Amino acid sequence: MQVQINESTLELAQGDITREDVDAIVNAANRSLLGGGGVDGAIHRAAGPELLAECRTLNGCETGGAKITRGYKLKARHVIHAVGPVYHDGKRDEPALLANAYRTCLELASQHACASIAFPAISTGVYGYPMEDAARIAFRVIVEYLEQHSEIKLVRYVLYDARAFAVHERVLEQVLSE
Ligand code: AR6
């Protein structure tokens, strides 16, 4: 699924984000920025040990924030390490923190002249964020950002499996009709 937002394209894709040929891929990291499981583990394995070495210099990152590194062995020139919230009950600022993580990634991409960026579904794995709710937040932020910033030409939102893809397709259609 692909939609046009002003001068930019937002595209849903299914697959492994580590293989994306874009200027920056986003990592669903934790506050230590020192690696973990899920997408984080896959990105560190694909990028090689130099990525961890650079991450050690960053002194972690607060929840809802993001920090940028080089991409090393990845096709992507940069990795943007975002820290989404752990989901408890939705009443502990999780929506605002998740929105902030997406917004910060987009701002970092703009600042580093990244014309293309790929996102995973931040917080929807180990961190337990209900997928539909997380998708709605992600797409609202991305669409709003692309409406105001033409320097990012392509946002790819990469879902790991068919079920996640179907959920996101449905939610994106809803968000576009709001
Ligand atoms: N490409 C695209 N999506 C993927 C991939 C992949 N290679 N692998 C998993 N996903 P998660 P979180 C999907 O758990 O919830 C780590 O240990 C997955 O199906 O990676 O933000 C960190 O170090 C899910 O929908 O991230 C943190 O401690 C989504 O990516 C913690 O997990 C996010 O799942 C962060 O948890």
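In this text, all values refer to a predicted model and were calculated from it rather than measured experimentally.

**As for helix α4 (residues 131-148)**
Across its 18 residues, α4 extends 26 Å between first and last C-alpha, which sits within 8% of the 26 Å expected from 1.5 Å per residue. Where α4 is concerned, the buried positions are M131, A134, A135, I137, A138, F139, V141, I142, V143, Y145 and L146.

**Description of the sheet that holds strand β6 (residues 116-119)**
Overall, mixed pairing links the seven strands, which are arranged β1-β2-β7-β6-β3-β5-β4 in an open sheet. Looking at the sheet topology across the chains shown, the edges are occupied by β1 (2-5) and β4 (66-70). On average, each strand axis in the sheet is inclined to that of its neighbour by 20°, with strand direction left out of account. Relative to strand β5 (residues 78-83), strand β3 (residues 24-29) is paired through six bridges, and the arrangement is parallel. Across the sheet, A24 pairs through a bridge with H78, a residue of β5. Contacts from helix α3 (residues 94-111) reach β3, β4, β5, β6 and β7 (154-159), with the element oriented near 155° to β6.

**Observations concerning the pattern of salt bridges**
Under the definition given, this model contains nine salt bridges. In this structure, R170 engages E132 in a salt bridge whose closest nitrogen and oxygen atoms are separated by 3.5 Å. In this pair, R170 sits in helix α5 (residues 162-176) while E132 sits in helix α4, placing the two residues 38 residues apart along the sequence. Given a relative accessible area of 32%, E132 falls into the partly exposed group. D133 is the salt-bridge partner of R136, the closest N and O atoms lying 3.6 Å from each other. With R136 and D133 both in helix α4, this residue pair falls three residues apart, about one helical turn. What emerges from the salt-bridge pattern is a single network uniting E132, D133, R136 and R170.

**A word on the site of the ligand**
The environment of the ligand is formed by 21 residues, the closest being N30, G37, D40, S123 and T124. Within the side chain of N30, one N or O atom sits 2.8 Å away from an oxygen atom of the ligand. In this structure, an oxygen atom belonging to the ligand sits 2.7 Å away from a side-chain N or O atom of T124. Starting from 710 Å² of accessible surface for the ligand in isolation, the protein chains cover 89%. Those elements giving two or more residues to the shell around the ligand turn out to be β3 and α1 (38-47). Class assignment of the residues belonging to the shell around the ligand gives a composition of 10 nonpolar, nine polar and two charged.

Quick notes on the rules
Residues numbered from 1 in each chain as written. Predicted model: local features only at pLDDT ≥ 70, side-chain atom pairs only at ≥ 80, totals over all residues. Heavy atoms only, no water. Helix = DSSP H or I, 4+ residues; strand = E, 2+ residues; numbered from the N terminus. Expected span 1.5 Å × (residues − 1). Buried < 20%, exposed > 50% of the residue type's maximum accessible area, 1.4 Å probe, protein only. Pairing = 2+ DSSP bridges. Axes fitted to C-alpha atoms, helices over the stretch in contact; angles between N-to-C directions. Contact = heavy atoms within 4.5 Å. Salt bridge = Lys/Arg side-chain N within 4 Å of Asp/Glu carboxyl O. Near = heavy atom within 4 Å. Polar contact = N/O pair within 3.5 Å; in protein donor to acceptor, adjacent residues only side chain to side chain. Areas by Shrake-Rupley, 256 points an atom, 1.4 Å probe, with all protein chains shown as cover. Nonpolar A, V, L, I, M, F, W, Y, C, P; charged D, E, K, R; others polar.

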